[in-house]
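# Topology and contacts: notes
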Amino acid sequence: MDDYSFLISKSNVKDLIGNLQKDYNIFGPKKKSNPNNLNGKEFFSFEYINDSVDLCLDYTTSILPPIKIFFPNNEILIRFDNSSPMSAKSIVEKGKSSVFFGVHPCDLHAIHLMDRIFNNKPRDEYYLNRRKDGILVGINCEKPCSDKNLCYDKGTLNAESQLYDIMLWEKDKEYLVKVSSERGKEIIKNNSFFTPFEGDFNNFVKQFNEKQDKNFSKRLIQDIEELSNSVKEAYNSKLWSEIGDKCLSCGSCNMVCPTCYCFEIKDEVNIDLESGYRYRSWDSCQNCDFASVGSGENFREKSSQRNRHRVYKKEVYIPNNYGVSGCVGCGRCNTACIANISLIDIYNRVLVKEII
Amino acid sequence: MNYHSPSFIEFETGYAPIPAEIVNIEKATEKEKVFTLKLPGNQKLNYLPCQFVMVSVFGFGEAPISICSGPEDNELKLCIRNVGSLTGHIHKMNIGDFIGIRGPYGNGFPVEAIKSKDILLVAGGLGLAPLRSLIRYILANRSEFGKFMLLYGSKKISDRLFTSDIEDWNKLEDIDFHETVDVADQTWEGNIGLITQLFKFIDPDPKNTVGVVVGPPVMYRFVIREMLNKKLHISQIYMDLERRMRCGMGKCGHCQINEIFVCQKGPVFNYAEMIELNLKEAL
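Quick summary incoming for the structure in this document. (Residues numbered from 1 in each chain as written. Chains lettered and ligands numbered in written order. Predicted model: local features only at pLDDT ≥ 70, side-chain atom pairs only at ≥ 80, totals over all residues. Heavy atoms only, no water.)

### Quick notes on the packing of helix α8 (residues 239-246) of chain A against helix α12 (residues 343-351) of chain A
Residue and element names in this part refer to chain A. Between α8 and α12, the shortest axis-to-axis distance is 11 Å and the interhelical angle comes to 160°. Taken as axis vectors, α8 and α12 run roughly antiparallel relative to one another. For the pair α8 and α12, the crossing hand works out as right-handed. Contact residues: α8 offers L239, W240, E242 and I243, while α12 offers I346, R349 and V350. Residue composition of the contact of α8 with α12, grouped by class: five nonpolar, no polar and two charged. (Axes fitted to C-alpha atoms, helices over the stretch in contact; angles between N-to-C directions. Helix = DSSP H or I, 4+ residues; strand = E, 2+ residues; numbered from the N terminus. Parallel < 35°, antiparallel > 145°, perpendicular 65-115°, else oblique. Left-handed = near helix turned anticlockwise from the far one by under 90°. Contact = heavy atoms within 4.5 Å. Nonpolar A, V, L, I, M, F, W, Y, C, P; charged D, E, K, R; others polar.)

### Thoughts on the sheet that holds strand β13 (residues 237-240) of chain B
Strand pairing in a sheet relies on backbone hydrogen bonds. The paired strands run either parallel or antiparallel. Residue and element names in this part refer to chain B. Spatially, seven strands are ordered β11-β10-β9-β8-β12-β13-β16 in an open sheet, and the strand pairing comes out mixed. Of all the strands in the sheet, the pair left with one neighbour each is β11 (191-192) and β16 (268-270). Bridge count between strand β10 (residues 176-181) and β11: two bridges; the pairing is parallel. Residue T180 lies in a different strand from β11, and its bridge partner there is N191. Contacts between helix α2 (residues 128-140) and the sheet are confined to β8 (118-124), β9 (148-154), β12 (209-214) and β13, with β8 contributing the most and set at about 155° to the helix. Contacts between helix α3 (residues 163-171) and the sheet are confined to β9 and β10, with β10 contributing the most and set at about 135° to the helix. (Pairing = 2+ DSSP bridges.)

### Considering the packing of α8(A) against helix α10 (residues 303-322) of chain A
Residue and element names in this part refer to chain A. Between α8 and α10, the least distance of the axes is 7 Å, while the angle of their chain directions is 110°. Here α10 runs roughly perpendicular to α8, going by the angle between their axes. Crossing handedness for the pair α8 and α10: right-handed. Contact residues: α8 offers W240, S241, I243 and G244, while α10 offers S303, S304, N307, R308, V311 and Y312. Grouping the constituent residues of the contact of α8 with α10 by class yields four nonpolar, five polar and one charged.

### Section: the pairing of β12(B)
Residues and elements named next belong to chain B. Taking burial as the measure, the six residues of β12 include six buried ones, the bulk of the element. The sheet contact formed by β8 and β12 spans six bridges and is parallel. In the sheet register, V122 faces β12, and the bridge partner there is V213. The pairing of β12 with β13 spans three bridges and is classified as parallel. Across the sheet, V213 pairs through a bridge with M239, a residue of β13. (Buried < 20%, exposed > 50% of the residue type's maximum accessible area, 1.4 Å probe, protein only.)

### Comments concerning the packing of aromatic side chains
Residue and element names in this part refer to chain A. Under the definition given, this model contains 24 aromatic pairs over all chains. Summarising the aromatic geometry, the rings of F70 and F100 are spaced 4.5 Å apart at their centres and angled 25° between planes, so their arrangement reads as stacked. On the criterion of sequence distance, the pair formed by F70 in the loop between β3 (44-48) and β4 (75-81) and F100 in strand β6 (residues 98-103) is long-range, its members being 30 residues apart. Overall, the relative accessible area of 1% leaves F70 in the buried class. By relative accessible area, F100 is classed as buried at 0%. Three or more aromatic residues link up through ring pairs in this structure, and these residues are F27, F46, Y48, F70, F71, F100, F118, Y127, Y261 and F263. (Phe/Tyr/Trp six-rings, centres within 6.5 Å; stacked < 30°, edge-to-face > 60°.)

### Considering unusual backbone geometry
The omega torsion across B:G103 and B:P104 is 5°, close enough to zero to call that bond cis. Tracing the backbone through its elements, the reader meets B:P104 in strand β7 (residues 98-105). For the bond running from B:G266 to B:P267, omega is 5°, close enough to zero to count as cis. Here B:P267 is to be found in the loop between α5 (262-265) and β16. For A:D172, which is not a glycine, the phi torsion comes out positive at approximately 55°. Relative to the helices and strands, A:D172 is located in the loop between β8 (166-171) and β9 (174-179). According to the relative accessible area criterion, A:D172 is exposed, its value standing at 68%. Here the phi dihedral of B:N278 falls at roughly 55°; this positive angle occurs in a residue that is not glycine.

### Regarding the interface of chain A and chain B
Between chain A and chain B, the residue contacts involve 58 residues of the former and 46 residues of the latter. Overall, the association of chain A and chain B removes approximately 4,800 Å² of surface from exposure, summing both partners, and the carbon and sulfur fraction of that is 58%. Here chain A and chain B share four salt bridges between them. Close ionic contact of B:R244 with A:E264 constitutes a salt bridge, the shortest N to O distance being 3.3 Å. Between chain A and chain B we count 26 residue pairs in polar contact (both at pLDDT 80 or more) in total. Taken together, the elements giving at least two residues each to the side of chain A that touches chain B come down to β2 (25-31), β4, β5 (87-94), α2 (105-119), α3 (125-132), β11 (263-269), β12 (275-282) and α10 of chain A. Counting residues per element, the side of chain A that touches chain B draws most heavily on β5(A), at eight residues. Counted by class, the side of chain A that touches chain B contains 26 nonpolar, 13 polar and 19 charged residues. Inspection of the sheet shows β5(A) paired to strand β1 (residues 7-10) of chain B by four bridges, in the antiparallel sense. Each bridged residue has a counterpart across the sheet, and for A:I91 the counterpart in β1(B) is B:E10. (Buried area = accessible area lost by both parts, 1.4 Å probe. Salt bridge = Lys/Arg side-chain N within 4 Å of Asp/Glu carboxyl O. Polar contact = N/O pair within 3.5 Å; in protein donor to acceptor, adjacent residues only side chain to side chain.)

Structure (structure tokens):
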């Protein structure tokens, strides 16, 4: 099973998507129109693919990570009715299965971590319900998507086979395809575009990895193994207040992060003033009142405390609970920050211990 | 099926509250009322002392509220302070109205771990509400515990909660009960001053006493120091922490202290464990 490898011509991908659309909702990277041509930069969003020509597998990174489709903003938790006696029903979405086409390895790592977090009891049925119907088709990166990513340091540049159903490697005018699940096998079996790969799969991957080694460079000045301990030692560092002074507490870093999942719960009443729904919206641990309580006490009142909490959550708390870093190195937060706060910078300063 | 018009199915997720009828309302102070609730079909909520429920009024939202009745009581009681739009709305409700309840959540008090011990409970302000649940439990199982010391402090005379309980506790021979208010006029014959002053009235046996603190955040450090002065070991000290629980499921992140989700692993913490986990933000 593990060694099933195939080829598909790039020109056939559009027709493959067309075929898959009969049975699946397709999500994938799509070029965003950029009328102002900001620095000639291209933007991509990972979203529902209505027309297969929109799918753009040759993309840098998506503004929001694909995981947010499993954990959408403003997701309805319950529908309620206040008419006597009051009643409430929890509901989950019932749709057809979906194929996530073109997920980068960093995002596959993030989805795998979120699967574990939301599977933790009491389980998050909303996420898991969407996730169980989601088939992941990954695509490997030969070149870095920007100078803000840390995947090469974080070991998330490539994904193990349990993190995807199907994986693609770019190979000239084709994609090399590896299938690692029954659901993935089903897709290969039902579509004639895939031809068995006769070459040496392992050798191809080895050469691909060598190209990656040439194209990617480390962002951190030390090995990643040191990071969690160095962050732990920096609890009382001046660094946090320095960052806190720059931070505008806007929460952009959290919104674009593939492993951020904090949320606020809100109610909306319909026009009949009786019925309505309760939904959750993404929240940010950087928001000033994130940890405040009814009595007015705020347990992380200072921006420095909130910034420290964010970095600790990624590098200490999630590792303590799950044995892996909470940061997959996608670099989105570094791009999104309007105050130019960069995790790369924070990590490096923590690693050299210049700021204790 | 178009993705943009998804259909929904009913599914048990833990987020749907059940309707609880308000069967009694006692005005405790200007800001607090005690609501007695009846669940559908008279079902009984199983809970431990110091657990909490998520209380909601649809359209106004949801908030964590400690249960102030004892686990063995026939009634479910919540003491609710009027601090915002949700609790303000609940304060306007009448007998016969319904509020939504889900839970209970949290670890609750490890009652088995403190059996046969002497007990020292210290409550400040609204902290008496969750502690009352433990007090009720101890009184209902009095023979299983040793000496029972109870200290309660309020800001003003008019802030005192559960005053009829206090009358009973004052009368009971086997509770060493002491009370204080921070400020008072001449009508007050009792102690005046901070709760830490009450420690001079008690003489806990350091070898066999378990101390429990619940109150406003500023109180913990000072009360714990008094307990340590009385030579209680850190592992004999427990506290119940207030945090902004939103989901109760250990997910939303609002109640998080380090890697701990207070709504699941708390709200009751052992001081020694807190030190071991280095939960600096907790105090």
